[in-house]
Structure formats: structure tokens, C-alpha cells
Amino acid sequence: MPAYEIRTMNVHESKKNLVLANKQGQESHVSVHRFAMLGPGDAIHLVDAGSNPHITVRPTEARGEIIVLPRFESHRDVRLGAERMPVIFTEISTEEELREYRRLSQFHYKGVDLRPSHERVGSVKGTGGRKAILLAVFQREGMTRAVGYIEIQMPLLMCKPRHDLFSRPFQSKAKGISWNTWLGDGQKHVNRIARIARVVIDPEFRGIGLSTMLVEEAKTFCRDRWHIGGARPLFLEISAEMLRYMDFVSRAGLRFVGNTEGNLQRIAKDLKSIENGASGKSGIMSLQRKYHSAFTAYCEKTGKTFAEARLILSELLSSEDPRSEMASDEWLAFRPILRLPIPYFLTGLDAESEEYIDEGLSTRGHERRRLPAKATGANLIDTLEYKGIEVSVHYSIPLTPYVRLIMDSFGIDTNEIHTKIVGPVDVSLSRGNVTLITGASGAGKSVLLQTLSGSEMPEGLLKVTQDAPVVDKCRTLTPLPDGVPIFQYFADQYGAERVFDALCHVGLSEAMIFIKPFELLSMGQRYRAMFADLILSDAKLWLIDEFCSNLDPITSKILSIRLRRLAISKDCFVVVAAANTSNYIDALAPDRILVVRTGGEVRSMSMREYNNGFFNKGF
């Protein structure tokens, strides 16, 4: 197999162009995909330099060659109800895939200037060093759509949770490396760690497990293809503030090690050194220059001296929650220089490294994060039984000229209307299950739903019930107040961690939605925000009218899957009402279906009976 060394490279759009030299020093050229794991100095083997080359990198250990081409590609399915959506995880190699990657990048806001184009300074911040991108692409009937990506980069040099965990001796017989303490002789092996730098999912496809799948595929990619100079990694890490609220990495096998150190404990002290450095009394590094620039800008704007501003910051940082104690101008000024502690997760990429992590965490008394236990108790009621529900309308017709015309045309003899809308019907609801009320528009679905709440009926409607349970904690969808960012509204009542979780469950895990007030959301987003409000409440009976009526088919399926899981995890009684269920009925999979017909008849049936008859077609 012909051997070469990469001398130089340049990148243009989706391609990386390499200049190779063989053992005799003769140069040749080859193009690979933009993020291929190749760079100057790499020793490679190349077969068929035409349109379909096969390229491998010579590894530093005995294990087989590291494949670069053909590109990495993995096929999986995402289940949406009864439908399975094929998804491909692959490296970017075409212009279209590169465009899709750039489109998705707008949903990762770090380094992105969100001001109007005429106010922007510079461009989106890039990241240096070697990196790999795995793109998640849905494929259906010959059409494709990129729905997310994961970015893998070289590790950060300083990370206290890692330093603490790696302070013990380590030996990898498979790769022939070892250390006694990380900060002693281990840190020279830092390139044996790969880092997940970004995980981005299209907002329309959040909530179906794509983030976890991307992390799982990244583990496979790192084991087989990630390398620095032919050295494969032993560990994969990630640290991010969002993992405090949305832990999608534990399900992929990453372990929580601890929180990073941040700089809150030392920044006020460091600013004194930075001030001396700026005046020439000591050296000042590039990161310190950034701190100094932000700090002096605040001083100039407020008229405070450097020492006064440093004292203000020091006092703010002594509080339990500095971020909430800062005034808006202080937060904007100090934000660029503050690094808060963030969760750090790690996994081993082979048996030896994984065992090393397990032993280290166990000796520190560290346990895997556990989900809250499901509520139990002898006083929980498993069913809600309603007997003989019947609702009628009583209405005195105003005898206006046009009403008289209608009465004469249709032969109506009385001006007192008494019409049955629903019933009589018995309804049984089970804890942890979903009941669907469906039927033609105007048949009485909403009326039946309202009777289950125990609330008073509107004027003109008469409800008769032989027997009904007492429901003291029931919630329906209710509009949120205007003028307050929806995350702020929820967090004030329930706390940030619960709010992140609830908004993710309804598919609103998008920063630009978090900071908008209710009135600026689309109709579909408003519906999901009201759904989150229902989830955050402590009600055990959820009544949801016009279920998914304003949502697209994919979002309807995702929300239906989430609702069914929530009914189980929260031990709730869930009833939804909808006329058109074709987009999501398989994903919702209700345990019981009540079909309401005009005239009051209500038929109770199973999902199988519903699908086998005319009912799911609207008859």
C-alpha cells in the first residue's frame, strides 16, 4: 500500500486539498472532505487516488490502520409512533451538507452576533485546531433533511474535575501509555482526550432523542477514527452549562465527574494583577487583555475608577447567586470576564479507561445521577369514575324577524330549545393513561371534556351526572400573561431547572423562544407554552382541548410521544380532545377512545377498535 506524508493542506468549502510526498520526495495531490481527520505531518496510506480513494492513517500503537476514507457513515432509525424515520450520521462531504451544517449552526448562539446586519462587528467566531463534524440527516422517499450535528474538538488543557479524577496512576496496556499523576507526568497525554464542543438539533426535531444518538455516534467515531498524529483517544469529555438542566449525555454512557472551577473565586484578585499588567508593572496575557478591556469599558461608562469597579464586583461575587444580584448594566459589563462553574462529564473509549473512571468515581463516593423516584402512596386513587354524564342545551329563541324566517323555513314550532349534546355516558379514567375524545366538529367533544373538570357549565348548558369524583387539582390549557419572557414567567414560579425540563418536553428548547413574551410567539408556540404550564403544575388531571390543532405533523407526533411518557412518569390522568387525529394517533396510542357523535351518542372503544372501523376516518 503506497505510503505518503502530508506536507501542506488548504480548505475550500466542502473540500480539503492535500499535498502529499512519497518516500522519494515526489509530490502529489488529493482532495478529501473538509473535516477529514488529516493534517500536515500525518503519515498515511493511499489506494486509488481517483474519484474514490481509500485513505488510512498509520497509528502509533499496534492496532490496525485508522480509516479516513471512505467517510464515516452510520444508519439508525428514529421511531415516531408507528413510523420509523431512517437517519444517517455522517461526515460532511458535499456542498449541500455544508450548507445544512451552516444553517443548523445558527441554533448554537455562542459567538453569534444576533444584532441587525448593519450593526454587526466582525463575523461568527470560529474554533481553531482539529475538529470533526457528524451530521444527522433524515432520509425519506429520496428526500433528505439535516436535523442536527455534533462537533468534536481537541480537549481544553485546564479542567479541574478531570485533573482531580486523573490524579491517580493510570496504565493502558492496549495503547502503551501510563502516568502516576495527571499534573505530573500525565498531562503530556492530553491529546488522548477528545471533546464534544457542540451538539445542535434543529428546533423542529427536538425531543426525540437525537442528541443522545449523536453522542453515541461520536463515541464510535472517536474510538475508530479520531486521532492526533496517529494517536487514538482514550476518553471523550463534554462540559456545558445546559447539561445542568438538559442531561442528554448520561443516557449515552457519559459520567458526571463534577463542576468546573470557573473563576468567580479569584477574578477580583486577578483583576489587580491585570491592572498592573496593563500599566506595564507585570506581564499580561491575551485572555487578561480581554478582561481588562471589558472592565475598563464599564469604568468609562460609569465614571468609576478601576479599584471602585473591582470592589463592586468583589461584593457581588460574595453573594450566593451573583448573576441575579447584578443590575442589568453590571451583568452586561461583567459577563465577558466571568466564568461560572459548569457540569463536566466523561467516558472511557475502551474497557481500561472506562474501568479507570469507574474506580475513580467510586473511591470519591460518586454515584450515577438518578431520576426522581415515582410518587407512591396508599392514598393515590387509580381511577376516576364518572356515571351517567348528560349535557343538554336549554335556549329561549329571540323572535327577531330573521329568526322567524328560519323557524318558518324549517318548520320549528317552539321558541324553547332543549337539545341533548352529550350522553348519557359513563367515563372511566386510569392513572398514567391517556384518554382521547374525538368526533366531528361541533359534536360535543369540548363539552364532554369540560364536564370531567367538575367546573360549572356556561349559561344555557345543563349538566346532569349520577356520580362524579371530587377533583381538586385539575388543569386545562390557559394563556400566559403578556409582556414577560416565558422562561422568566415560569422560572419565577418553579425554578430554572424544572422550567428547562418542561419546555424541552413540549419542543420549545430554543433560546429565542425562551426570551420572548407570550404575545410574540406563533399560535403553535403559544399552544406548547400553555402545555408546559400544565406540566409544571401539580395537577393530577390534565384536560387538553384542541390537541395539536395548530401543530405540524412532525411536532404533533413528538408532542404525543412526550405526553404519553409524561402521563406515566407523573402518574396523571390525561384526557385530550381533538377532531383530526390522523397525524399523531399512532404516537399518542391512547388507552381509551371516546367517539362523540352529533345527537349525544358516545362510543367507548380501544385503539384497535378505533383503527379497524370507520371512526378514524371521520365516519
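Sequence order sets the numbering: in each chain, residues are counted from 1 along the sequence as written. For this predicted model, a pLDDT threshold of at least 70 governs which residues receive local features, and a threshold of 80 or more governs which side-chain atom pairs are given and counted, while totals over whole chains, interfaces and linings are taken from all residues. Only hydrogens and water are removed before side-chain values are computed, so all heavy atoms of the structure are retained for them.

## Comments concerning the sheet that holds strand β10 (residues 143–153)
Note the cut-off: For two strands to count as paired, DSSP must find a minimum of two bridges between them. By the criteria applied, helices consist of DSSP H or I runs no shorter than four residues and strands consist of E runs no shorter than two, each listed in order from the N terminus. As a rule, the C-alpha atoms of each element are fitted with a line to give its axis, helices using only the stretch in contact, and angles between N-to-C directions run from 0 to 180 degrees. In this analysis, two residues are considered to be in contact whenever any of their non-hydrogen atoms come within 4.5 Å of each other.
With mixed pairing, the 8 strands of this open sheet are ordered in space as β7-β8-β9-β10-β13-β14-β16-β15. Both edges of this open sheet fall to β7 (73–80) and β15 (255–259), since each of them pairs with a single strand only. On average, adjacent strands in this sheet sit at an angle of 30 degrees to one another, irrespective of strand direction. In the sheet, strand β14 (residues 235–239) pairs with strand β16 (residues 343–348) via 5 bridges, with the strands oriented antiparallel. Each bridged residue has a counterpart across the sheet, and for Glu-237 the counterpart in β16 is Leu-346. Across the sheet, helix α10 (residues 351–363) lies against β14, β15 and β16, angled at about 135 degrees from β16, the strand it touches most. The sheet strands contacting helix α17 (residues 553–569) are β7 and β8 (83–91), and the helix crosses β7 at an angle near 75 degrees.

## Thoughts on the sheet that holds strand β2 (residues 15–21)
The 6 strands are arranged β3-β2-β1-β4-β5-β6 in an open sheet whose pairing can be described as antiparallel. Across the chains shown, the open sheet's two edge strands, defined by having one partner strand only, are β3 (27–33) and β6 (66–69). Within this sheet the neighbouring strands show an average axis-to-axis angle of 40 degrees, counted without direction.

## A short note on the packing of helix α14 (residues 496–505) against helix α16 (residues 523–536)
Where we set the bar: Note on terminology: angles under 35 degrees are roughly parallel, angles over 145 are roughly antiparallel, angles of 65 to 115 are roughly perpendicular, and the others are oblique. The sense of a crossing depends on the near helix, which, turned anticlockwise from the far helix by less than a right angle, makes the crossing left-handed and, turned clockwise, makes it right-handed. Side-chain classes follow a simple rule in which Ala, Val, Leu, Ile, Met, Phe, Trp, Tyr, Cys and Pro form the nonpolar group, Asp, Glu, Lys and Arg form the charged group, and the remainder, Gly included, forms the polar group.
Contact pair α14 / α16: the axes reach a minimum separation of 9 Å and the direction vectors enclose 130 degrees. Between α14 and α16, the crossing angle belongs to the class labelled oblique. Viewed along their axes, α14 and α16 form a crossing whose handedness is right-handed. Across the interface between the two elements, Arg-498, Val-499, Ala-502, Leu-503 and His-505 from α14 touch Ala-532, Ile-535 and Leu-536 from α16. By residue class, the composition of the contact of α14 with α16 is 6 nonpolar, 1 polar and 1 charged.

## What about the confidence of the model for the protein?
Inclusion rule: Confidence scores per residue from the predictor, reported as pLDDT, run from 0 to 100.
Put simply, the protein has an average pLDDT of 84, and 89% of its residues get 70 or more. Taken element by element, the protein is modelled with least confidence in helix α5 (residues 267–278), mean pLDDT 67, and with most confidence in β14, mean pLDDT 97. In the predicted structure, residues 280–284 sits below a pLDDT of 50 and forms 11 contacts with residues beyond four places in sequence or in another chain.

## Describing helix α13 (residues 486–494)
Threshold: Note on exposure labels: buried denotes an accessible area under 20% of the residue type's maximum, exposed denotes more than 50%, and partly exposed covers the range between, all computed with a 1.4 Å probe on protein chains only. Think of it as the arc spanned by the lines of direction from the helix axis to the C-beta atoms.
Of the positions making up α13, those classed as buried are Ile-486, Phe-487 and Phe-490. Looking straight down α13, one finds that the buried residues subtend no more than 95 degrees of arc, so they occupy a single side. Elements that come into contact with the buried residues of α13 comprise α14, α15 (511–514) and α16. Just downstream of α13, Gly-495 is the residue with a positive phi angle, here 90 degrees.

## Regarding the nonpolar core
Just so we agree on the cut-off: Nine residue types can take part in a nonpolar core, namely buried Ala, Val, Leu, Ile, Met, Phe, Trp, Tyr and Cys, and a core is a set of them joined through side-chain atoms within 4.5 Å.
Leu-503, Phe-531, Trp-542, Ile-544, Phe-547 and Leu-563 are the most contacted members of the largest nonpolar core, which totals 50 residues. Of all the elements, α16 adds the most residues to this core, at 8 residues. Of all hydrophobic cores here, the second largest spans 41 residues; its members include Phe-72, Ile-201, Leu-214 and Leu-243.

## Points about the packing of aromatic side chains
Note the following rule: Pairing of aromatic rings covers Phe, Tyr and Trp, the last counted by its six-membered ring, and requires centre-to-centre distances within 6.5 Å; plane angles under 30 degrees mean stacked, over 60 mean edge-to-face, and any other angle means tilted.
A complete count under the given rule lists 21 aromatic pairs for this structure. Ring centres of Phe-166 and Phe-235 lie 4.8 Å apart, and the angle between their planes is 45 degrees; this geometry places the pair in the tilted category. Taken together, the residues span a long stretch of sequence, with Phe-166 in the loop between α2 (160–165) and β11 (170–172) and Phe-235 in strand β14 at a distance of 69 residues. Accessibility expressed as a relative area gives 0% for Phe-166, which makes it buried. With a centroid separation of 5.6 Å and 75 degrees between ring planes, the pair formed by Phe-500 and Phe-514 is classed as edge-to-face. Residue Phe-500 is located in helix α14, and its partner Phe-514 is located in helix α15; the two are separated by 14 residues in the primary sequence.

## Some thoughts on the side chain of Glu-100
Keep this limit in mind: In the analysis that follows, any N or O atom pair within 3.5 Å is treated as a polar contact, provided that within protein one partner can donate a hydrogen and the other can accept it, and provided that, for residues neighboring in sequence, both atoms belong to side chains.
Position of Glu-100 among the secondary structure elements: in helix α1 (residues 95–105). Separated by 3.1 Å, the side chains of Glu-100 and Arg-103 make a polar contact. Those residues in contact with Glu-100 that sit more than four places away from it in its chain are Arg-145 and Ala-146.

## Comments concerning the side chain of Glu-217
Structurally, Glu-217 can be placed in helix α4 (residues 210–224). If we skip the residues at most four places from it in the chain, Glu-217 touches Phe-72, Ser-74, Arg-76, Phe-89 and Leu-134.

## Concerning unusual backbone geometry
The peptide bond linking Leu-69 to Pro-70 adopts the cis configuration, its omega dihedral lying at 5 degrees. Here the phi dihedral of Glu-13 falls at roughly 50 degrees; this positive angle occurs in a residue that is not glycine. Within the secondary structure layout, Glu-13 lies in the loop between β1 (3–12) and β2. Phi angles above zero are rare outside glycine, and Asp-571 is one such case at about 55 degrees. Here Asp-571 is to be found in the loop between α17 and β23 (573–577).

## Here's the deal with the pairing of strand β19 (residues 434–439)
The buried count for β19 comes to 6 of 6 residues, which makes it a mostly enclosed element. Taking every second residue as pointing to the same face, both faces of β19 are buried, with Val-434, Leu-436 and Thr-438 on one and Thr-435, Ile-437 and Gly-439 on the other. Taken together, the 5 bridges between β19 and strand β24 (residues 592–596) define a ladder with parallel strand orientation. Bridging across to β24, Thr-438 finds its partner in Val-595.

## Quick look at the pattern of salt bridges
Quick note on the threshold: The term salt bridge refers to a side-chain nitrogen of Lys or Arg lying within 4 Å of a carboxyl oxygen of Asp or Glu.
Summed over the entire model, instances satisfying the criterion amount to 28 salt bridges. One salt bridge in this structure joins Asp-202 and Arg-145, with 3.0 Å as the shortest N-O distance. Taken together, the residues Asp-202 in the loop between β13 (193–201) and α4 and Arg-145 in strand β10 connect sequence positions 57 residues apart. With relative accessibility at 2%, the residue Asp-202 sits in the buried group. Residue classification places Arg-145 among the partly exposed positions, given a relative accessible area of 30%. When the shortest N-O distance is used, the salt bridge between Asp-533 and Arg-475 registers 3.0 Å. Of this pair, Asp-533 sits in helix α16 while Arg-475 is found in strand β21 (residues 474–476), placing the two residues 58 residues apart along the sequence. Residue class for Asp-533 comes out buried when judged on its relative accessible area of 6%. Accessibility expressed as a relative area gives 23% for Arg-475, which makes it partly exposed. Via salt bridges that share partners, Glu-100, Arg-103, Arg-145, Asp-202 and Glu-204 belong to a single interconnected network.

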